[in-house]
Number of protein chains: 2
Amino acid sequence: MTDPRSASASPPTSADVARRAGVSRATVSYVLNGAESSARISEATRARVHAAADALGYVPHAAARALRAGASRMVLMSAPHVPAGPLYARFAHEAQSALRLLGYTVAHVAAGAAGDTGIPGVTGIPGVTGDDGGTGASGNEDGTSVDVRAWAELRPAAAVALPPTVLTPADVTLLKRAGTRAVITVGPPRVAGAHSLTMDQREVGSAAVAHLVERGRRRVGVVVPAEPGLDAFARPRLAGAHAAVAEGSGGGADVRMTPLPLALTEESAAALAARWPALGLDAVFAYNDEYAVLLLRALQDAGVRVPEDVAVIGADDLLAARLTRPRLSSVRVEHASGADFAAYVDELVRSPGARPRRRRAMTVSVTARDST
Amino acid sequence: MTDPRSASASPPTSADVARRAGVSRATVSYVLNGAESSARISEATRARVHAAADALGYVPHAAARALRAGASRMVLMSAPHVPAGPLYARFAHEAQSALRLLGYTVAHVAAGAAGDTGIPGVTGIPGVTGDDGGTGASGNEDGTSVDVRAWAELRPAAAVALPPTVLTPADVTLLKRAGTRAVITVGPPRVAGAHSLTMDQREVGSAAVAHLVERGRRRVGVVVPAEPGLDAFARPRLAGAHAAVAEGSGGGADVRMTPLPLALTEESAAALAARWPALGLDAVFAYNDEYAVLLLRALQDAGVRVPEDVAVIGADDLLAARLTRPRLSSVRVEHASGADFAAYVDELVRSPGARPRRRRAMTVSVTARDST
DNA sequence: TTGAAAGCGGTACCAC
DNA sequence: GTGGTACCGCTTTCAA
């Protein structure tokens with residue numbers, strides 16, 4: 001039971017516990033951390049210490065411990081700027097659980113715009129940043145974003161940049177310099193001095209277009225979300241679509257590609273559908289099942305027949321793709337399991353000397369249904 | 001420019017910077033924190049310090065600073081166990097940005113199952129936890145979950161429990177005892193010694209059922225997701241539905257309520273639709289637009305007419321609700337803005353003495369379309 | 001079996 | 001204008 005007069009006084013320290021138990025701080029540390037190395041503490045003493053700690057509601061101070069230990073067991077992962085898709089969220093969550101099982105404390109921290117560096121006294125409120133008269137706020141004129149400084153200050157064991165976050169080589173250098181044992185980027189395969197888990201969204205575009213070409217389509221529209229936050233995914237998917245035709249996966253057939261900006265609103269979809277005949281397309285890859293469903297509906301309302309007039313394929317294989325008529329074909333994305341990822345991180349933390357490597361973290365396949 | 005021979009050596013400390021700049025650690029601290037109180041440092045010295053810090057890639061150690069300062073500017077927020085909905089994600093993200101603007105470092109940490117306490121040496125790997133022979137792992141027989149201990153160890157300025165996370169009174173006590181200035185629960189209005197932002201999902205159920213009753217429906221089915229992770233939202237929504245009829249919002253009309261378990265799969269929906277006639281319902285509130293779309297489709301495939309035979313209403317007003325035929329009515333949920341929330345947190349941190357209060361963080365309204 | 005003491009990296013008070 | 005220096009809370013030798 002925690003002491004009733006809770007809130008007020010300052011948090012109990014190990015010294016408080018020691019005093020209450022009538023022992024030294026060292027003994028408290030031994031008992032509470034309970035490693036085999038300190039098995040030589042009398043049962044009675046241990047009981048007294050535990051009782052005192054409980055009574056006081058003692059919780060060790062992570063910062064003090066980390067400071068003393070020199071290394072933390074914290075894994076920092078970037079939090080997505082935008083509401084991410086469900087499969088993506090699942091991956092992040094799985095990874096988090098698996099890492100905790102390995103003894104790491106996982107924290108998702110925003111990788112967003114500048115602001116502050118977490119300094120107790122100095123807030124990021126506009127107007128405060130200019131007052132140090134030096135050569136600029138805090139150095140880092142070389143492109144290192146402020147967020148990464150905040151990360152480095154936390155001295156994590158590992159730092160994981162999930163898309164759409166990107167790390168510059170300078171970011172990686174800074175983190176490593178700060179003792180981060182594993183710096184990992186997940187996403188596009190650009191190396192940067194960091195280890196990486198490739199999750200190349202281009203493959204999604206390639207697979208979609210390859211499928212359409214296989215089905216005999218030659219004039220392919222590619223929906224590009226107007227929503228800015230999706231760029232990090234959308235651009236590579238479009239690029240992959242282009243790459244597919246460049247490599248001539250259609251057996252040398254000459255395929256025409258048309259990017260189609262589309263916002264996630266009915267109006268936008270209706271507008272696109274209205275000018276559809278003029279576009280002269282016989283297929284469309286819609287970035288995502290969500291966009292695909294929206295477009296499909298608008299096309300049908302405009303009298304365009306799917307798949308007769310135009311083949312439609314989405315991606316991510318969401319439930320929504322199975323609920324339309326016709327049922328939507330989709331590029332299914334299979335992520336590496338969170339457990340695998342966690343093991344990878346752990347391995348890297350243990351042997352930080354290892355040369356940066358790349359691993360595939362994603363495989364794609366086409367689920368063909370009735371819309372193509 | 002950061003030093004090329006990056007990775008190897010241990011991270012530079014302020015002492016390293018001092019040595020390189022030929023000054024004392026105190027001076028380094030003054031220059032780098034650049035408060036007006038230290039305006040009496042010569043311009044030349046400041047330049048030398050900055051240059052040294054840059055050259056070394058120096059980043060202050062957050063733990064050391066927090067230790068010294070006694071208080072951190074960290075806000076801990078629970079990360080959802082399950083992929084949360086988009087509006088919810090938006091709220092979380094907005095809050096995060098706004099808090100950063102106020103000078104806080106926000107970290108989302110999992111509030112999941114037990115495991116470890118982040119202790120450097122001791123992992124949570126099965127088999128390691130039993131070896132301290134005491135009265136149990138680390139005390140806490142009173143229900144305080146392990147996660148909260150991990151939170152408390154980090155000595156955050158504020159702790160925010162987002163649904164579906166719940167905090168017990170013991171959790172709250174522990175956190176406050178650890179110096180957390182603001183402990184806030186967002187979600188169901190149970191107070192617990194903590195401040196709270198009520199976001200009562202029951203209102204969603206009430207609004208939906210009230211709408212259906214108003215439309216003259218009397219035998220109402222309520223879809224309850226079979227997915228376990230959604231309980232925290234689903235249960236209160238169902239409860240709210242019941243409450244609506246109990247309070248007789250239908251003007252004393254006697255309304256029958258039937259819970260309908262449904263998994264987010266076509267099979268499950270088809271099965272439910274198959275036994276629909278036997279259920280004798282004239283309306284259904286489907287938890288969510290996602291479930292509503294799924295059910296709507298299955299009902300239509302089974303020959304049930306919407307809204308003639310049965311009125312269907314969803315919730316969350318997702319885009320999907322506007323893409324079905326008929327278009328789906330939905331309970332729209334309006335969250336408090338992230339900025340408001342951030343301001344609330346900040347206020348609480350500044351005046352931790354304040355008595356626990358409740359605030360509404362959500363308002364609901366029905367968007368009537370063609371399905372009811 | 002237990003205690004004393006030296007730091008981990010930063011900050012800030014008080015001298016010089 | 002700058003440099004000592006005493007902490008913050010915890011871990012971990014080394015003695016006793």
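Going by the structure above, here's the rest.
Residues numbered from 1 in each chain as written. Chains lettered and ligands numbered in written order. Predicted model: local features only at pLDDT ≥ 70, side-chain atom pairs only at ≥ 80, totals over all residues. Heavy atoms only, no water.

Draft legend 1. The arrangement of the protein's contact with DNA strand C in detail. Taken together, 24 residues are adjacent to DNA strand C, and S24 and T45 of chain A together with S14, Y30 and R65 of chain B come closest. The sugar and phosphate moieties of DNA strand C supply 54% of its atoms located within 4 Å of the protein. A distance of 2.7 Å is found between a phosphate oxygen of DNA strand C and a backbone nitrogen or oxygen belonging to S24 of chain A. Contacts to DNA strand C include A64 of chain B, whose backbone N or O atom sits 3.2 Å from a base nitrogen. Secondary-structure elements contributing two or more residues to the surface near DNA strand C are α2 (25–33) and α4 (62–69) of chain A together with α2 (25–33) and α4 (62–69) of chain B. Ranked by residues supplied to the surface near DNA strand C, first place goes to α2 of chain B with 5 residues. (Near = heavy atom within 4 Å. Polar contact = N/O pair within 3.5 Å; in protein donor to acceptor, adjacent residues only side chain to side chain. Helix = DSSP H or I, 4+ residues; strand = E, 2+ residues; numbered from the N terminus.)

Draft legend 2. Molecular detail of the packing of helix α1 (residues 14–21) of chain A against helix α3 (residues 43–56) of chain A. Residue and element names in this part refer to chain A. Between α1 and α3, the least distance of the axes is 8 Å, while the angle of their chain directions is 125 degrees. Classified by the interaxial angle, the pair formed by α1 and α3 is oblique. Regarding α1 and α3, the two cross each other, and that crossing is right-handed. Together, D16, V17, R20 and A21 of α1 and R48, V49, A52, A53, A55 and L56 of α3 make up the contact between the two elements. (Axes fitted to C-alpha atoms, helices over the stretch in contact; angles between N-to-C directions. Parallel < 35°, antiparallel > 145°, perpendicular 65-115°, else oblique. Left-handed = near helix turned anticlockwise from the far one by under 90°. Contact = heavy atoms within 4.5 Å.)

Draft legend 3. Structural view of the protein's contact with DNA strand D. If you check the shell around DNA strand D, you find 26 residues, and the closest are S14, R25, Y30 and R68 of chain A together with T45 of chain B. Looking at DNA strand D alone, sugar and phosphate atoms form 59% of those within 4 Å of the protein. Note that a base nitrogen of DNA strand D is positioned 3.3 Å from one of the backbone N or O atoms of A64 of chain A. At a separation of 2.7 Å, a phosphate oxygen of DNA strand D approaches a polar side-chain atom of S42 of chain B. Elements supplying a minimum of two residues to the surface near DNA strand D: α2 and α4 of chain A together with α2 and α4 of chain B. When the residues that make up the surface near DNA strand D are grouped by side-chain class, the tally is 10 nonpolar, 10 polar and 6 charged. (Nonpolar A, V, L, I, M, F, W, Y, C, P; charged D, E, K, R; others polar.)

Draft legend 4. Main features of the packing of α2 of chain B against helix α3 (residues 43–56) of chain B. All names here are of chain B. It is at 10 Å that the axes of α2 and α3 come closest, and there the two elements cross at 90 degrees. Taken together, the axes of α2 and α3 lie roughly perpendicular to each other. On α3, the residues that touch T27, V28, V31 and L32 of α2 are T45, R46, V49, H50 and A53. Of the residues in the contact of α2 with α3, the class split is 5 nonpolar, 3 polar and 1 charged.

Draft legend 5. How the structure looks around helix α13 (residues 338–350) of chain B. With 13 residues, α13 of chain B should reach 18 Å at 1.5 Å per residue; the first-to-last C-alpha distance of 18 Å fits that figure. Those residues of α13 of chain B that fall on the buried side of the exposure criterion are G338, F341, A342, Y344, V345, D346, L348 and V349 of chain B. (Expected span 1.5 Å × (residues − 1). Buried < 20%, exposed > 50% of the residue type's maximum accessible area, 1.4 Å probe, protein only.)

Draft legend 6. The pattern of salt bridges, seen in detail. Tallied over the full model, the rule gives 30 salt bridges over all chains. Where R202 of chain B meets D200 of chain B, a salt bridge forms, and the shortest distance between an N and an O atom there is 2.8 Å. Residue D200 of chain B is classed as buried on the basis of its relative accessible area of 11%. One continuous salt-bridge network, built from bridges that share partners, spans D317, R332, E334 and R369 of chain A. (Salt bridge = Lys/Arg side-chain N within 4 Å of Asp/Glu carboxyl O.)

Draft legend 7. Molecular detail of the sheet that holds strand β6 (residues 219–225) of chain A. Residue and element names in this part refer to chain A. Pairing is mixed across the open sheet formed by 6 strands, whose spatial order is β7-β6-β8-β9-β10-β12. Edge positions in the sheet fall to β7 (256–262) and β12 (362–367), since each has one partner strand and no second. When strand polarity is set aside, the average angle formed by the axes of neighbouring strands in this sheet is 20 degrees. As paired elements, β6 and strand β8 (residues 283–285) share 3 bridges and run parallel to each other. Within β8, the position partnered with V222 by the bridge is F285. Seen against the sheet, helix α12 (residues 289–301) touches β6, β7, β8, β9 (311–315) and β10 (329–335) and runs at an angle of roughly 155 degrees to β9. (Pairing = 2+ DSSP bridges.)

Draft legend 8. Expanded view of unusual backbone geometry. Across the junction of V306 of chain A and P307 of chain A, the peptide omega takes the value 5 degrees, indicating a cis bond. With a phi angle near 65 degrees, Y287 of chain B is a residue other than glycine that sits in the positive phi range. Take Y287 of chain B: it is sitting in the loop between β8 (283–285) and α12 (289–301). Under the relative-accessibility criterion, Y287 of chain B is labelled buried at 5%. The backbone of D317 of chain B shows a phi angle near 45 degrees, a positive value even though the residue is not glycine. Considering the arrangement of structural elements, one finds D317 of chain B in the loop between β9 (311–315) and β10 (329–335). Looking at D317 of chain B, the relative accessible area reads 9%, which means it is buried.

Draft legend 9. Local environment of the sheet that holds strand β3 (residues 158–161) of chain A. Ordered in space as β11(A)-β5(A)-β4(A)-β3(A)-β1(A)-β2(A)-β2(B)-β1(B)-β3(B)-β4(B)-β5(B)-β11(B), the 12 strands form an open sheet in which the pairing is mixed. The open sheet terminates on both sides in strands that have one partner only, identified here as β11 (358–360) of chain A together with β11 (358–360) of chain B. If you compare each strand with its neighbour and ignore which way they point, the axes differ by 20 degrees on average. Direction of pairing for strand β1 (residues 74–79) of chain B relative to strand β3 (residues 158–161) of chain B: parallel, over a ladder of 3 bridges. Bridging across to β3 of chain B, L76 of chain B finds its partner in A159 of chain B. Running at roughly 150 degrees to strand β4 (residues 182–187) of chain A, helix α13 (residues 338–350) of chain A makes contact with β3, β4, β5 (195–198) and β11 of chain A of the sheet.

Draft legend 10. Structural detail: the packing of aromatic side chains. As enumerated under the stated definition, the model contains 4 aromatic pairs over all chains in all. The residue whose ring lies beneath R73 of chain A is Y104 of chain A, and the NZ or CZ to ring-centre distance is 4.1 Å. Here the basic side chain of R237 of chain B rests over the ring of Y287 of chain B, its NZ or CZ set 5.0 Å away from the ring centre. (Phe/Tyr/Trp six-rings, centres within 6.5 Å; stacked < 30°, edge-to-face > 60°. Lys NZ or Arg CZ within 6 Å of the ring centre and 35° of its normal.)

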